[in-house]
Amino acid sequence: MPAASTPSRTTIGWDLGGVHVKAALVADGAVQDVVQAACPLWRGLPALDRTLAELPDWTRGEAEHAVTMTGELTDCFADRADGVAQLAGWAARNLAGDVRIYAGRSGFVAADQAESRAADIASANWHATAALVGRHLRHALLVDIGSTTADLIPILDGAPESAGYSDAERLETGELVYTGVVRTPLLALTDHAPFRGRRTRLMAETFAHAGDVHRILGDLAEAADQQHTGDLKGKSVPESETRLARMIGRDRQEASAAEWRALAAHFAEAQLRQLHDAAAALLSRPDLPPDAALVTCGAGAFLAERLAARLGRRAIPFTEILAGRIAGEPAWASTCGPAVAVALIAADNPKAFTGSPA
């Protein structure tokens, strides 16, 4: 295990996403607290100001801040380089203390260097999680399923060994699967569903999302369910059933709870099948040992565990690997994996907050 940071150092890891902000506090070599908050970044940088003001006091305290991001993808920015530059600038202006930006394969860089290193920085949060896991497992497949996307990252000889790096490359290699347990429209999972003995087509609308499915099935943790529903109404099971029913052109009262649950299970299976196909291809790599475990992480860790069972692989929770470095309840440490990872990597690296990449 890497040497713990000294008691005098406090490090906060940040994952600035397009719909959530996540932060992890590391002190005395261990994760002391973790927080996630919804943030409609597509509306512009002021959304980050409002979210920061509502976060716990420790997020605004003096610290060494290690920042990773995916929010540069949002359409309030002209392109990724613009998004990286603006998010790095926001961090430098608003976080109290020294700020470094995680550039993945290039280490940490100063905020004023971010735009010139945008290709390394953009959406590199997966790299931090995989790099941290590689410190503890020589070979594995990291499966981090969030609210919107899933990262499947091969780890070989203790380091991330993805065939792709950018989002575009990882979409091509299957290492980025654009499916998550909250925001994914059901129409992105399949174009049909079984109902009362027939194969029905779906409405080409975003009436219902993956969050509705996983609420009906009882798998989605309330604390991880921070986004608005498709109709901007509530998140109860009956309300989720109402949205699900609309996908097949029906009203909730036309069927029983058991029938809606069966329909939800069909969509959950379709989502798992997408992940299975991607993972099976990656696990077939000749350089990845046949006994490589799946490290499960994210708000959709429950789905990653099912994926491991389907593949006949051992599932190791991200929080189990870090058990000795997490103080208190570990669940949020998994949901906010990249923030935790970038904080611990920075805390363990005395050079991270020097003037040159580390």
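The rules behind these values
- Residues numbered from 1 in each chain as written.
- Predicted model: local features only at pLDDT ≥ 70, side-chain atom pairs only at ≥ 80, totals over all residues.
- Heavy atoms only, no water.
- Helix = DSSP H or I, 4+ residues; strand = E, 2+ residues; numbered from the N terminus.
- Contact = heavy atoms within 4.5 Å.
- Buried < 20%, exposed > 50% of the residue type's maximum accessible area, 1.4 Å probe, protein only.
- Polar contact = N/O pair within 3.5 Å; in protein donor to acceptor, adjacent residues only side chain to side chain.
- Pairing = 2+ DSSP bridges.
- Axes fitted to C-alpha atoms, helices over the stretch in contact; angles between N-to-C directions.

Residue position: L282 is located in helix α8 (residues 257-283). Once the C-alpha coordinates of L282 and A270 are considered, the two residues, 12 residues apart in sequence, prove to be 19 Å apart. Those residues within four positions of L282 in sequence are excluded, and the remaining contacts are L141, L152, P154, T173, G174, E175 and L288.

A separate point is unusual backbone geometry. At D157, a residue that is not glycine, the phi angle is positive and equals roughly 50°. With relative accessibility at 54%, the residue D157 sits in the exposed group. Even without glycine at this site, L232 takes up a positive phi of about 60°. Along the polypeptide, L232 turns up in the loop between α6 (210-216) and α7 (237-247). The class of L232 is exposed, set by a relative accessible area of 67%.

Before going further, it helps to spend a moment on the environment of R199. Positionally, R199 belongs in strand β12 (residues 198-201). Look at R199 and you get exposed, because its relative accessible area is 56%. Of the polar contacts made by the side chain of R199, one reaches the side chain of H192; its length is 3.3 Å.

Of all 6 residues making up strand β7 (residues 140-145), 6 are buried, and the element is well covered by its neighbours. Bridge count for β7 against strand β8 (residues 150-156) is 6 bridges, and the pairing is antiparallel. Across the sheet, the residue bridging to I145 is A150, located in β8. Taking the residues that link successive antiparallel strands as the turn, the β7-β8 hairpin has 4 residues. Where β7 lies against strand β13 (residues 293-297), 5 bridges are found, and the strand directions are parallel.

Once that is clear, we can look at the sheet that holds strand β5 (residues 97-102). One open sheet accounts for 6 strands, arranged β3-β2-β1-β4-β5-β6; its pairing is mixed. The outermost strands of the open sheet, each flanked by one partner alone, are β3 (30-38) and β6 (108-110). Taking each pair of neighbouring strands and ignoring which way they run, the sheet shows an average axis angle of 25°. In terms of strand pairing, strand β1 (residues 10-16) meets strand β4 (residues 63-69) through 6 bridges, oriented parallel. Within β4, the residue paired with G13 across the bridge is A66. Running over the sheet, helix α4 (residues 125-134) touches β1, β4 and β5 and is turned about 90° from β5. Strands β1, β2 (20-27), β3, β4, β5 and β6 of the sheet are contacted by helix α12 (residues 337-347), whose axis makes an angle of about 145° with β1.

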